[in-house]
Amino acid sequence: MKFNIRLWFLIPVIMLTVACAQYGGVRSERGAPQYSADFGGVYHTVEKGQTLWRIAKAYGVELETLQWVNGIEDVTAIPVGRRLFIPGARRVLHVEPYHPGLLKPPSPGVVRIAWPLTATISSGFGLRNGKKHQGIDLPAPVGTPVRAAADGKVVYSGHGMRGYGNVVVLKHADEVSTVYAHNSVILVRMGDRVKKGQIISRVGKTGWATGPHLHFEVRVRGVPENPMAYLPRT
Ligand SMILES: [Zn+2]
């Protein structure tokens, strides 16, 4: 009898061990943030000719979600052999390689976006101290509401991209996405639909920020563009 009680005690221990082993199977490596606990997914190893855009389409995942979940700053340079975490996928899929000429370039400047908050720009888009600044910096006190620049869908919410701190990424029409970095608080979740002007986060200084500000980016198919080309003049 005593022996049986000990056996029963072992069952939850074994189950817990199995559960941990399963999570371990999709745990990210260096360079890819831990995302499996929230979504589950598989790893896809990039083969020759597979672009991030094609991989995203094959798995039915937004390009920006793949980009930000995997901490990819430059979508045009994904090395062959790189392992990408595909959130939500149940098995590894075959992805057709890219054939030049199939994609028509997106038309920039179509989506009309609004200022995410009112501020005077402290740092513009382009070269800064020899490094490329991918967006504009809008200084504001910690806690200032950050508003969606246009109607869209939350395709990333988290802190997986080095330097960005707590970041929200919204996907809009015409392959345009907007990025809101260094937040103190994030108020939306991945998959949420948001309206232009809706408060999505609050200003902070998480990540690489010397003082509280919003780092704001506009990207077309994941590639940064100058936000000033999209924002109305003040
Ligand atoms: Zn910045």
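Asker: Explain the coordination of the zinc ion to me, please; I cannot follow it from the model alone.
Answerer: Around the zinc ion, the donor atoms from the protein are His133 (NE2), Asp137 (OD) and His215 (ND1), and they sit 2.0 to 2.2 Å away. Read in sequence order, the donor residues for the zinc ion give the motif H-x3-D-x77-H. Taken together, the positions of Asp137 in strand 5 (residues 136-139) and His215 in strand 13 (residues 213-220) put the pair 78 residues apart, joining distant regions of the chain. Each of the two residues, Asp137 as well as His215, counts as buried.

Asker: Explanation requested: the confidence of the model for the chain in the structure shown.
Answerer: For the chain, per-residue confidence averages 84 on the pLDDT scale, and residues scoring 70 or more make up 79% of the total. Here residues 16-37 is a poorly scored stretch, pLDDT under 50, and it has 28 contacts once near neighbours within four places are set aside; other chains count.

Asker: I tried to follow the pairing of strand 12 (residues 199-202) on my own but got confused; where do I start?
Answerer: Within a regular beta strand, the side chains point alternately toward one face of the sheet and then the other, so they alternate between its two faces. Where strand 6 (residues 145-147) and strand 12 come together, 3 bridges link them in antiparallel fashion. Bridge assignment links Val146 to a residue of strand 12, and that residue is Ser201. Two elements, strand 10 (residues 185-186) and strand 12, share 2 bridges in a ladder whose sense is antiparallel. In the strand pairing of strand 12, Ile186 is matched with Ser201.

Asker: Help me out: how do you make sense of the pairing of strand 13 in this one?
Answerer: Along strand 13, 8 of the 8 residues are buried, which leaves the element largely enclosed by surrounding structure. Of the two faces of strand 13, the one carrying His213, His215, Glu217 and Arg219 and the one carrying Leu214, Phe216, Val218 and Val220 are both buried. Bridge count between strand 5 and strand 13: 4 bridges; the pairing is antiparallel. Across the sheet, residue Asp137 finds its bridge partner in strand 13, namely His215. By the bridge criterion, 3 bridges tie strand 13 to strand 14 (residues 223-225) in an arrangement that is antiparallel. Along strand 14, the bridge assignment pairs Arg219 with Pro224. Connecting strand 13 to the next strand, strand 14, in antiparallel fashion are 2 residues, including Arg221 with a positive phi near 50 degrees.

Scoring rules and cut-offs
Each residue is numbered by its place in its chain's sequence as written, counting from 1. This being a predicted model, a pLDDT of at least 70 is required before a residue's local features are given, and a value of 80 or more before pairs of side-chain atoms are given or counted; all residues contribute to the totals for chains, interfaces and linings. Calculation of side-chain values draws on the structure's entire complement of heavy atoms; hydrogens and water are dropped beforehand. Listed donor atoms are N, O and S within 2.8 Å of the metal (Na, K and Ca: 3.2 Å). As water is not included, a site may look incomplete. What counts as a helix is a DSSP run of H or I of at least four residues, what counts as a strand is a run of E of at least two, and both are numbered from the N terminus. The cut-offs for exposure are 20% and 50% of the maximum accessible area for each residue type, with area from a 1.4 Å probe on protein chains only; residues under the lower value are buried, those over the upper are exposed, and the others partly exposed. Confidence of the predictor in every single residue is expressed as pLDDT, which spans 0 to 100. Contacts are assigned to residue pairs with any non-hydrogen atoms lying within 4.5 Å of each other. Paired strands are those between which DSSP finds at least two bridges.

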